[in-house]
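# Breakdown of the fold
Chain residues, written in single-letter form:
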Amino acid sequence: MILAVVVCALVVVLVLVGLFVFGLRRRLIQRSGGTFDCSLRWNAPEPGDTSGKGWSYGVARYNGDRIAWFRVFSYAPRPRRVLERSAIEVVDRRAPDGEEELALLSDAIVLGCTHEGTRIELAMSEDALTGFLAWLEAAPPGQRVNVA
C-alpha cells in the first residue's frame, strides 16, 4: 500500500516538473521579445489541399534577418527551424479551410511561402501577419524582397 502511494506521488511530481519545464522554456523563448504564435507546415502540399495534416503549433521569434521557430510541445532549447528573410518568398494568403480550421487557432490566416525552394505554410493571427509582412519588406537595401 505504501509503495503504491509513493509511486503515485512520484508520478504526480514528474508530471508537475514536466509542465513547469514547458512553461519555463516558453518564458525563456519569449524573454527577448519579438515573438508570436505561429503554426508551421513544412513541405506543404500544393494550394487547395486543406486536409489539416502536417501542422505543428509553435512560437516564432524575430532574430535579426532570421526567424527562429520553436515547437511548443518540445523540450528542445534550440529552434526547430530557422527561416532566413532573404530566402522567404510569399506565394499566397488565405483563410483556413476544411479540416485546417480544427488544426489551427481560430483567428489564423494561412500564408503560403517558399523557403529555399521548399513550400511552407505559416498560420498566424492578423496582427502577427502584419508584423511579419512588415519585417519582410524592411529588408536592408540590396536584398530582394518577395511579397505577393
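Conventions adopted
Residues numbered from 1 in each chain as written. Predicted model: local features only at pLDDT ≥ 70, side-chain atom pairs only at ≥ 80, totals over all residues. Heavy atoms only, no water. Pairing = 2+ DSSP bridges. Helix = DSSP H or I, 4+ residues; strand = E, 2+ residues; numbered from the N terminus. Axes fitted to C-alpha atoms, helices over the stretch in contact; angles between N-to-C directions. Contact = heavy atoms within 4.5 Å.

In spatial order, the strands read β1-β3-β4-β5; together these four strands make up an open sheet with antiparallel pairing. Two strands close off the open sheet at either side, each with one partner strand: β1 (35-37) and β5 (81-84). For this sheet the average axis-to-axis angle between neighbouring strands, irrespective of direction, equals 25 degrees. In this structure, β1 lies alongside strand β3 (residues 58-63), joined through three bridges in antiparallel fashion. Counterpart to Thr35 in the pairing with β3 is Arg61. Packing of helix α1 (residues 2-31) onto the sheet brings it into contact with β1, β3 and β4 (66-71), and relative to β3 it is tilted by some 25 degrees. Of the strands in this sheet, β1, β3 and β4 are in contact with helix α3 (residues 126-137), which crosses β3 at around 35 degrees.

Distances and angles like these do not, on their own, reveal function.
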